[in-house]
Amino acid sequence: GQQLNQSPQSMFIQEGEDVSMNCTSSSIFNTWLWYKQDPGEGPVLLIALYKAGELTSNGRLTAQFGITRKDSFLNISASIPSDVGIYFCAGQLEGAGSYQLTFGKGTKLSVIP
Amino acid sequence: GAGVSQTPSNKVTEKGKYVELRCDPISGHTALYWYRQSLGQGPEFLIYFQGTGAADDSGLPNDRFFAVRPEGSVSTLKIQRTERGDSAVYLCASSSQGGDNEQFFGPGTRLTVL
């Protein structure tokens, strides 16, 4: 099946630093999404991208939908301790009327105060 | 308002047993999804319901897995003859009318098969 390659697998950064993570795919997606998951919780949507080339911000988060529709990146500026968690990219492609999400393996972010 | 709820939060069972996992979606959401998340991995799609019908069950790994949503609200994921490899967190998500509307996830049920 489809696979998303997400990198890096983990990151340790100092509070206040900027963070960048990305996702690539062998398949084209109509929509790219970025989620954050805290321990014991389900993923929570951070940013949704619907158009190739689109650059979208949500507070300190910025994400872009690659021109080829096969990649996306997420930047977090001025990291704070509550940014700790696992970040997942996900691609969405309508098939047979389904809008299932295909997730990457996640980037585990640790912020050192 | 209430989000997606899942019960139980944890389930420990023995190999070969039958288990049922329940999902209560957000009220009024017609679309419901089940995903499975193994340790260190992202969630993997299992099945999608639009209303009462399973519109896409292409992610179910084999015929030991089955899900129902008889009244278009609560859904139950059923696993027969459980195997150790079934151990994972089972996540449920719901969205308004399906499509590319945001999928809201529940906290998951952690299934451990001994």
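Note: the structure precedes this text.
On a predicted model such as this, the values are computed, not experimentally measured, just so you know.

**Points about the overall build of chain B**
Consideration 1: Secondary structure summary: chain B contains zero helices and 11 strands in total.
Consideration 2: Each helix and strand of chain B, ordered N terminal to C terminal, gives the series β-β-β-β-β-β-β-β-β-β-β.
Consideration 3: Over its C-alpha atoms chain B spans a radius of gyration of 13 Å, differing by no more than 12% from the 13 Å that the globule rule assigns to 114 residues.
Consideration 4: Projected onto its principal axes, the C-alpha coordinates of chain B cover approximately 35 × 25 × 25 Å.
Consideration 5: Considering chain B as a whole, with its 114 residues, one finds that 46% of them fall into the buried category.

**Details of the pattern of salt bridges**
Consideration 1: By the definition in use, this model includes five salt bridges over all chains.
Consideration 2: A salt bridge links Lys36(A) to Asp38(A); the nearest nitrogen and oxygen atoms lie 2.9 Å apart.
Consideration 3: A residue is classified by how much of its surface remains accessible, and Lys36(A), at 14% relative accessible area, is buried.
Consideration 4: Take Asp38(A): its relative accessible area is 34%, and that puts it in the partly exposed class.
Consideration 5: Across the pair Arg22(B) and Asp24(B) runs a salt bridge, and its minimum N-O distance is 2.8 Å.
Consideration 6: With relative accessibility at 38%, the residue Arg22(B) sits in the partly exposed group.
Consideration 7: Taken together, the shared-partner salt bridges in this structure form one network comprising Arg64(B), Glu83(B) and Asp86(B).

**Examining the layout of surface pockets**
Consideration 1: By volume, the largest pocket amounts to about 760 Å³.
Consideration 2: Among the secondary structure elements, those contributing two or more residues to the lining of the largest pocket are β1 (4–7), β9 (85–92) and β11 (107–112) of chain A together with β9 (88–95) and β11 (109–113) of chain B.
Consideration 3: When grouped by side-chain class, the residues that make up the lining of the largest pocket number 11 nonpolar, 18 polar and five charged.

Conventions and cut-offs
Residues numbered from 1 in each chain as written. Chains lettered and ligands numbered in written order. Predicted model: local features only at pLDDT ≥ 70, side-chain atom pairs only at ≥ 80, totals over all residues. Heavy atoms only, no water. Helix = DSSP H or I, 4+ residues; strand = E, 2+ residues; numbered from the N terminus. Rg over C-alpha atoms; globule rule 2.2 N^0.38 Å. Buried < 20%, exposed > 50% of the residue type's maximum accessible area, 1.4 Å probe, protein only. Salt bridge = Lys/Arg side-chain N within 4 Å of Asp/Glu carboxyl O. 1 Å grid on protein atoms, 1.4 Å probe; cavity = no way out; pocket = protein on both sides within 12 Å on 5 of 7 lines; lining within 4 Å. Points joined across faces, edges and corners; volume = space filled by probe spheres on them. Nonpolar A, V, L, I, M, F, W, Y, C, P; charged D, E, K, R; others polar.

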